[in-house]
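Letter by letter, the chains look like this.
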Amino acid sequence: MSDAKPSVLDDFCTGELGFLLTNVRASLLDALDRELAPLQITVQQYVVLNCIVKGWGRTLSDFCRVLAYDSGAMTRLLDRIAAKGFIRRVENEADRRSSLIELTEQGRAAFPQARQKTEVAFRRMLAGFSEEDAETLQKLLFRILANARSD
């Protein structure tokens, strides 16, 4: 019997990295959903609101790209957010085939509360991390993204 410690890199390369990242993502989304629940906003709905506030998107195709949703699923998500009164569709003067999504007064009022809730959840998940830990995590995640995108 060998006392050699198994290589973490070898384990990662046999699929463990995928399982770990999947579990981290699922746990992150669950934590965010629990924190946002009192506001009756899901994490996916928050992402749409955040995209609007940050100027990352205003059209169906913008949101499909950010959330990796197909247009049907995104339309249903936007309908649910609109039914809650957080967004509205307005005519897109530049392209009459599409509409623009904007926050309503209610959406502008709810967003800072939702933003605060997500920050609480992320700070809880990063408890015990030093600034150096956070910088290292960021660099390593960016490296994984860059490697995944290179062919």
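Just above sits the structure.
Here we summarise the structure given alongside this text. Fair warning: this is a prediction, and the values are worked out from it, not measured in the lab. (Residues numbered from 1 in each chain as written. Predicted model: local features only at pLDDT ≥ 70, side-chain atom pairs only at ≥ 80, totals over all residues. Heavy atoms only, no water.)

Attention now moves to the nonpolar core. Core analysis: the largest hydrophobic core is formed by 24 residues, its most contacted members being V48, L49, F63, M74 and I87. In terms of residue count, the dominant contributor to this core is helix α2 (residues 43-54) (six residues). Sequence-distant contacts of I87, defined by excluding residues within four places in its chain, comprise L49, I52, L78, I81, A82, I101, E102, L103 and T104. (Core = buried A, V, L, I, M, F, W, Y, C linked by side-chain atoms within 4.5 Å. Buried < 20%, exposed > 50% of the residue type's maximum accessible area, 1.4 Å probe, protein only. Helix = DSSP H or I, 4+ residues; strand = E, 2+ residues; numbered from the N terminus. Contact = heavy atoms within 4.5 Å.)

We now examine the pattern of salt bridges. The tally for this structure, following the rule as stated, stands at nine salt bridges. The partner of R96 in a salt bridge is E91, and the shortest N-O contact between them spans 2.1 Å. Judged by relative accessible area, R96 falls into the exposed class, the value being 62%. Taking the shortest distance from any N to any O, the salt bridge between R123 and E119 comes out at 3.0 Å. Here R123 pairs with E119, and both are found in helix α5 (residues 105-125), just four residues apart, close to one helical turn. Judged by relative accessible area, which is 36%, E119 ranks as partly exposed. Each of the salt bridges in this network shares a partner with another, and the network as a whole consists of R58, R88 and E102. (Salt bridge = Lys/Arg side-chain N within 4 Å of Asp/Glu carboxyl O.)

What follows concerns helix α3 (residues 60-67). Among all positions in α3, only D62, F63, C64 and L67 are buried. Taken from the residues just after α3, A68 is the one with a positive phi, measuring 55°.

Each aromatic ring pair is summarised here by two numbers: the centre-to-centre distance and the angle between the ring planes. Scanning all chains against the criterion turns up one aromatic pair. A ring pair is formed by Y46 and F111, whose centres lie 5.6 Å apart and whose planes are at 0°; its orientation type is stacked. Separated by 65 residues along the polypeptide, Y46 in helix α2 and F111 in helix α5 bring together distant segments of the chain. (Phe/Tyr/Trp six-rings, centres within 6.5 Å; stacked < 30°, edge-to-face > 60°.)

The next point concerns the environment of M125. Take M125: it is sitting in helix α5. Through-space distance from the C-alpha of M125 to that of A148 is 25 Å; in sequence the pair is 23 residues apart.

Right, let's get into helix α4 (residues 71-83). Taking 1.5 Å as the rise per residue, α4 with 13 residues should run 18 Å; its terminal C-alpha atoms sit 18 Å apart, in good agreement. Of the positions making up α4, those classed as buried are M74, L77, L78 and I81. Across the axial projection of α4, the buried residues extend over an arc of 100°, all falling on one side. Close packing links the buried residues of α4 with α2, α3, β1 (87-91) and β2 (99-103). One side-chain oxygen at the N-terminal end of α4 lies 2.9 Å from the backbone nitrogen of G72; it belongs to D70. Just past α4, the residue G85 takes up positive phi, approximately 85°. (Expected span 1.5 Å × (residues − 1). Arc of directions from axis to C-beta. Polar contact = N/O pair within 3.5 Å; in protein donor to acceptor, adjacent residues only side chain to side chain.)

What follows concerns the packing of α2 against α3. Between two packed helices, what matters for the description is the angle formed by their axes and the separation of those axes. As a packed pair, α2 and α3 sit with axes 11 Å apart at the nearest point and diverge in direction by 120°. Comparing their axes, α3 and α2 come out oblique. Our pair here, α2 against α3, has a crossing hand that is right-handed. Two secondary-structure elements touch here, α2 through Q44, V47, V48, C51 and I52 and α3 through F63, V66 and L67. Partitioned by chemical class, the residues of the contact of α2 with α3 number seven nonpolar, one polar and no charged. (Axes fitted to C-alpha atoms, helices over the stretch in contact; angles between N-to-C directions. Parallel < 35°, antiparallel > 145°, perpendicular 65-115°, else oblique. Left-handed = near helix turned anticlockwise from the far one by under 90°. Nonpolar A, V, L, I, M, F, W, Y, C, P; charged D, E, K, R; others polar.)

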